[in-house]
Amino acid sequence: MSTGTAPDGDRPTPGVRLVPMPEDRLPAWLDRSMAEYVGSRMRSGESREQAEANKQRSLDTWFPVGSPAAGHHVWEVTTPDGTVVGHLWIGPFTAGSSAWWVFDVEIGAGHRRQGYARRALELAHGVARDEGATSIGLNVFGYNTGARGLYGQLGYEVASVQMRLPLD
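Read on for a plain summary of the structure. Not measured: the values here are computed from a predicted model.

Reading the values: the criteria
- Residues numbered from 1 in each chain as written.
- Predicted model: local features only at pLDDT ≥ 70, side-chain atom pairs only at ≥ 80, totals over all residues.
- Heavy atoms only, no water.
- Helix = DSSP H or I, 4+ residues; strand = E, 2+ residues; numbered from the N terminus.
- Buried < 20%, exposed > 50% of the residue type's maximum accessible area, 1.4 Å probe, protein only.
- Polar contact = N/O pair within 3.5 Å; in protein donor to acceptor, adjacent residues only side chain to side chain.
- Pairing = 2+ DSSP bridges.
- Contact = heavy atoms within 4.5 Å.

Take the environment of E106 next. Tracing the sequence through the fold places E106 in strand β4 (residues 99-107). Judged by its relative accessible area of 13%, E106 is buried. Distance in space between the C-alpha atoms of E106 and D130 is 23 Å, their sequence separation being 24 residues. Within the structure, the side chain of E106 is placed 2.8 Å from the side chain of R112, a separation counted as a polar contact.

Dropping the structure here:
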């Protein structure tokens, strides 16, 4: 999985909350999230078939019965008045692991660069730490420079780099 577009400004955003996503909104979010995941993988060079296979592996692993696997959190990112401005999904990369992952973070276009993603991730780091995580990683596609900048500001370090040269 990968994180969506989450570039944020440096403005403080008080009152941001992580609210468990209601079960009735989970299927639509999952469909949207997986469609964006497939699109990002294709934009990064995979065929539709490869991207769809990766999507299915993700669903089978982390949403085996349509609900998040044990230890996974899918939240809506909300303002103090309850307005949903985005979503965030974190959890252990493998069952029982202390190595956690940010699987998806997305802030709606009209709310970006206002500090929501930054604050949501900071809150999520606390939850992960409280639940025994010793690290948290993420994947960000190379074309997503805004999100890469935010993650660097939050202290994420590059763990590996994949590169490709299109030969068309």
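Extensive coverage of strand β3 (residues 84-92) is indicated by the burial of eight of its nine residues. Examined bridge by bridge, strand β2 (residues 73-78) and β3 share six bridges and lie antiparallel to one another. Following the sheet pairing, V77 is matched in β3 by G86. A loop of five residues connects β2 with β3, the two strands running antiparallel in sequence, and G82 in this loop sits at a positive phi of about 90°. Here β3 runs beside β4; their pairing, made up of seven bridges, is antiparallel. Looking at the pairing, G86 lines up with I107 of β4.

A separate point is the side chain of E76. Secondary-structure assignment places E76 in strand β2. A distance of 2.7 Å separates the side chain of E76 from the side chain of R25, its partner in a polar contact. Ignoring any residue separated from it by four or fewer positions in sequence, one finds E76 in contact with R17, L18, V19, M21, P22, R25, V84, G86 and H87.

The values are spatial; any link to function lies outside them.
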